[in-house]
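Remarks on the overall topology
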Amino acid sequence: MDGDVTPFAEPDDSGRFGRFGGRFVPETLIPALAELEAAFRDAWADKAFRDELDGLLRDYAGRPSPVTECERLSELIGVRVLLKREDLNHTGSHKINNVLGQALLARRMGKQRVIAETGAGQHGVATATAAALLGQECVVYMGDVDMERQALNVFRMRLLGAEVRPASTGSRTLKDAVNEAMRDWVASVETTHYCLGSVMGPHPYPWMVRELHRVIGDEAREQCRAILGGADPDVVVACVGGGSNAAGIFSGFGSIAGTELWGAEPAGGAAVGHGVPGIVHGMKSFLLQDEWGQVTEAESISAGLDYPGVGPEHAFLADIGRARYEAVGDDEVLDAFATLSRTEGIIPALESAHALALVLRSREELAGKTVLVNLSGRGDKDVQQVSDLFGPDAGRDRGLR
Amino acid sequence: MTEPAGIGHGRLEAHLRAARDAGRKLLVPYITGGITTGWVDLLHAAALAGADAIEVGIPFSDPVMDGPTIQAASLQALERGTTPASILSDLRAGAAELDVPLVVMTYVNVPFRMGARRFAAELVEAGVSGVILPDVPLEELDEWSPAGDAAGLETVMLASPISPDDRLAALCARSRGFVYGVGLLGVTGERSAVGERTALLAKRLKAITDLPVVMGFGVSTPEQAAQIAADADGVVVGSALVREVLDGADPEAVGHFVADLRAGLDAN
């Protein structure tokens, strides 16, 4: 059964990638998901839609994002490191790729209101941005713990004309923001599009969001070949919370057998690492939960990765062994954050620093190889938090002066 | 539409049909399992006060179809250490003499984690007749129904105001016990008034099925219950009752609350 789905192709008719995925939602959302699937299929095959999206990605978001060769870091660790610079996109992360596509799709479906969930605030900011651009009403749900951690992003969203509503139940982080967004959507589905921010949730989202991020991998493959004299990187590394930036960059290399795909999960939210299947937020995937199926809280220094589940396609890729997922601890992440900043002059998002931390940890295994890291976002939003986390040594114990 | 082979019509449906066919409007109160220490006493009080079946919630950490009241009740129960096992154990110990059928409402990850077959077997052992899983639409029934059907449990399907006609027909064909009409777009919770969608959906369901049609979501007062039941066979009352319990209602107060709903339904 697992063999019916090729990696990075469409899921099967029931929205499954192998044994994962599906559409576990209330009856009220079934017609909306069917409508969304049909609308996306139609739009994705429509040259006019693709041209409009490509135009926005180019002229508004700044694509293509470059690939940067990290000479000083490479020399330091003995691994050739290339960075796919999603941090240079408008709004500071890869999230803009997905939201521009979904916002155009919402308009095409005649839905004037968009809602979103956000963890670190990157997807919320991106959604608010796209909604401002297209003149759509926008409501973003955010756990109130995250609103505190990322107060500046809350203001950014409001500045962009969005309303930010706190999710005040449960762990009051990303998973609860998803719950609140789904509750809103169940009540507003006739006029509202739910702009889901990762490769998760009910079918067609995991597939649709991956397709909207595929541009990352497609660009990166060609850019790497230009840099590497036609060769492909040995390993592609990305951080994985829900897994959208990883899905985007992996999809460009899925058919290249010689390129390994590595996902870096936060140690406190390693859904694939724990390997226990569950069903929440409309999908079957790996899920952090207790022995009774109550979803447990993910904990990491990066709000954007604080998600107890993972996109179903990642669970599938882990199942079939096409991708490998490893957990990275907060301390390693802070080291990676400081290391990239001082060696390359690039401050990474804490999320992206997870991918770098996995490379730094694996430097012996990777010695002499070429690694492409998806630098999914920039770290400006995290500087204050990292300054606090560095504590009294102010990073001097991590190579800063 | 033909019925899937081998799925029986059980005690829940027989009980509700008999009451309905005798001219009675059906009353199905909802109580969150484990909400208080003596929560099973609340079931007895509800039964004595005129409930025709009782819905018992097994709390889940992420109840996306529930509004603030049931969320708070779920959290209170979970914080008390409530588990599916503790609820079923309480039912085995204290609900055997209940003369109304019980329907468990929970989210799919609870049976999935325990294993659908074990979950089904334990429900039957605890005297439960039916199951409601709001995040399992027709398309995903295979996750649950092979186990539930084999154990003889009646799986109640939910119908939405925006389900197209062909889906309503399929839902009614597949539903057992009763068909649960969700009378609005949104989550559970009290509403100040009954919207137009409720009657419309009730009428659409009554036109295509002989199953008992029970409407829920937003049914808060005896007057609303009576109004909605005019077009349906009965009502589920959840949040309004659970709020009373959260505010400290004892079995006697719960009995009064349910009796008032009963009187509202009987007055028509």
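Since we're looking at a predicted model, the values are computed, not measured. (Residues numbered from 1 in each chain as written. Chains lettered and ligands numbered in written order. Predicted model: local features only at pLDDT ≥ 70, side-chain atom pairs only at ≥ 80, totals over all residues.)

Turning next to the overall build of chain A. Looking only at helices and strands, one finds 15 helices and 14 strands in chain A. Compactness check: chain A gives a C-alpha radius of gyration of 19 Å against a globular reference of 21 Å for 401 residues, within 12% of the reference. Overall, the C-alpha framework of chain A stretches about 55 × 50 × 45 Å when taken along its three principal axes. By sequence separation, contacts in chain A at least 24 residues apart represent 74% of the contacts at least 6 residues apart. (Helix = DSSP H or I, 4+ residues; strand = E, 2+ residues; numbered from the N terminus. Rg over C-alpha atoms; globule rule 2.2 N^0.38 Å. Contact = placed C-beta atoms within 7 Å.)

Let's shift gears to the domain arrangement of chain A. Residue and element names in this part refer to chain A. Domain assignment breaks chain A into domain 1 (2-57 + 95-194) and domain 2 (62-93 + 214-398). On a C-alpha basis, the centroid separation for the pair domain 1 and domain 2 is 22 Å. Mapped by element, the contributors of at least two residues to the side of domain 1 that touches domain 2 are β2 (20-24), α4 (95-108), α5 (122-134), α6 (144-149), α7 (151-159) and α8 (174-188). A total of five residues in the side of domain 1 that touches domain 2 trace back to one element, the largest contributor, which is β2. Tallied by class, residues from the side of domain 1 that touches domain 2 come to 15 nonpolar, 13 polar and six charged. (Domains from an automatic or database assignment. Nonpolar A, V, L, I, M, F, W, Y, C, P; charged D, E, K, R; others polar.)

All names here are of chain A. Between its first and last C-alpha, helix α9 (residues 205-227) extends 33 Å over 23 residues, near the 33 Å set by a 1.5 Å rise per residue. Along α9, the sharpest change in direction is near 40 degrees and occurs at Leu-212. Within α9, 17 of the 23 residues are buried, leaving the element largely enclosed by the surrounding structure. Positive phi shows up at Gly-229, right after α9, with a value of about 65 degrees. (Expected span 1.5 Å × (residues − 1). Bend = angle between axes of the 7 residues up to and from the residue. Buried ≥ 20, exposed ≤ 12 C-beta atoms within 10 Å, placed from the backbone.)

By a frequent convention, interface size equals the accessible area lost on bringing the separate parts together. Taken residue by residue, the interface counts 31 residues in chain B and 27 residues in chain A. Taken together, the elements giving at least two residues each to the side of chain B that touches chain A come down to α3 (68-79), α5 (109-114) and β6 (158-159) of chain B. At five residues, α5(B) tops the list of elements feeding residues into the side of chain B that touches chain A. A breakdown of the residues in the side of chain B that touches chain A according to their chemical character gives 19 nonpolar, seven polar and five charged.

What follows covers the sheet that holds strand β11 (residues 277-280) of chain A. All names here are of chain A. Within the open sheet, the four strands sit side by side as β1-β2-β12-β11. Their pairing is antiparallel. Pairing within the sheet leaves two strands with one partner each, and these edge strands are β1 (16-17) and β11. Note: β2 against strand β12 (residues 282-286), two bridges, orientation antiparallel. Bridge pairing in β12 places Gly-21 opposite Lys-284. (Pairing = 2+ DSSP bridges.)

Okay, the nonpolar core next. Nonpolar side chains in soluble globular proteins tend to be buried together. Within the largest apolar cluster, 218 residues are counted, with the highest numbers of intra-cluster contacts made by A:Val237, A:Val359, B:Ile31, B:Ala46, B:Ile54, B:Tyr180 and B:Val235. The element contributing the most residues to this core is α9(A), with nine residues. Two domains each put at least three residues into this core: domain 1 (2-57 + 95-194) and domain 2 (62-93 + 214-398) of chain A. Discounting chain neighbours no more than four positions away, the residues touching A:Val237 are A:Trp262, A:Ala264, A:Ala355, A:Leu358, A:Val359, A:Val371 and A:Val373. (Core = buried A, V, L, I, M, F, W, Y, C linked by C-beta atoms within 7 Å.)

All right, on to the packing of α5(A) against α7(A) then. All names here are of chain A. Packing of α5 against α7 brings their axes to within 9 Å, and their N-to-C directions diverge by 10 degrees. The orientation of α5 with respect to α7, classified from their angle, is roughly parallel. Residues Gly-124, Val-125 and Ala-128 of α5 form the contact with α7, whose own contacting residues are Asn-153, Arg-156 and Met-157. In the contact of α5 with α7, the residues fall into three nonpolar, two polar and one charged. (Axes fitted to C-alpha atoms, helices over the stretch in contact; angles between N-to-C directions. Parallel < 35°, antiparallel > 145°, perpendicular 65-115°, else oblique.)

Right, let's get into the pairing of strand β4 (residues 80-85) of chain A. Residues and elements named next belong to chain A. The element β4 is largely enclosed, with a buried count of six among its six residues. With burial as the criterion, each face of β4 is covered, one bearing Arg-80, Leu-82 and Lys-84 and the other bearing Val-81, Leu-83 and Arg-85. In the sheet, strand β3 (residues 67-69) pairs with β4 via three bridges, with the strands oriented antiparallel. Among the inter-strand pairings, Thr-68 is bridged to a residue of β4, identified as Leu-83.

Turning our attention to unusual backbone geometry. Residues and elements named next belong to chain A. Residue Arg-63 is joined to Pro-64 through a cis peptide bond whose omega torsion reads 0 degrees. Assignment of secondary structure puts Pro-64 in the loop between α2 (47-59) and β3. With an omega dihedral of 15 degrees, the bond running from His-203 to Pro-204 counts as a cis peptide bond. Take Pro-204: it is sitting in the loop between β8 (192-194) and α9. The phi torsion at Ala-394 lies on the positive side, around 50 degrees, for a residue other than glycine. As for its placement among the helices and strands, Ala-394 is situated in the segment after α15 (383-390).

The next subject is α2(A). Residues and elements named next belong to chain A. Between the first and last C-alpha of α2 there are 18 Å, a value that for 13 residues agrees with the 18 Å anticipated at 1.5 Å per step. Within the span of α2, buried status applies to Leu-53, Leu-56 and Leu-57. Burial along α2 is one-sided: seen end-on, the buried residues are contained in an arc of 100 degrees. For α2, exposure combined with an orientation more than 90 degrees from the buried face picks out Lys-47, Ala-48, Asp-51, Gly-55, Arg-58 and Asp-59. Contacts from the buried residues of α2 go to α4 and α9. (Arc of directions from axis to C-beta.)

Moving on: the environment of B:Arg174. On the secondary structure map, B:Arg174 appears in helix α8 (residues 165-174). For the pair B:Arg174 and B:Leu16, spaced 158 residues apart in sequence, the C-alpha separation works out to 17 Å.

The next point concerns the sheet that holds β4(A). Residues and elements named next belong to chain A. Judged by pairing direction, the sheet is mixed, and its six strands sit side by side in the order β3-β4-β14-β9-β10-β13 without closing on themselves. For this open sheet the edge positions go to β3 and β13 (323-328), each flanked by a neighbour on one side alone. Going across the sheet, the axis of each strand differs from the next one's by a mean of 25 degrees, ignoring polarity. In this structure, strand β9 (residues 235-239) lies alongside strand β10 (residues 260-266), joined through five bridges in parallel fashion. Looking at β10, one finds that Val-237 is bridged to Trp-262. Along the sheet, α9 makes contact with β3, β4 and β14 (370-375), crossing β3 at roughly 40 degrees. Where helix α10 (residues 244-251) meets the sheet, it contacts β4, β9, β10, β13 and β14, and its direction lies at approximately 160 degrees from that of β9.

Moving on, we get to the packing of helix α11 (residues 239-246) of chain B against helix α12 (residues 251-266) of chain B. All names here are of chain B. At a minimum axis separation of 10 Å, α11 and α12 run at an interaxial angle of 160 degrees. With respect to α12, the element α11 is oriented roughly antiparallel. Handedness of the crossing formed by α11 with α12: right-handed. Between α11 and α12, the contacting residues are Leu-241, Glu-244 and Val-245 on the first element and Ala-253, Val-254 and Phe-257 on the second. (Left-handed = near helix turned anticlockwise from the far one by under 90°.)

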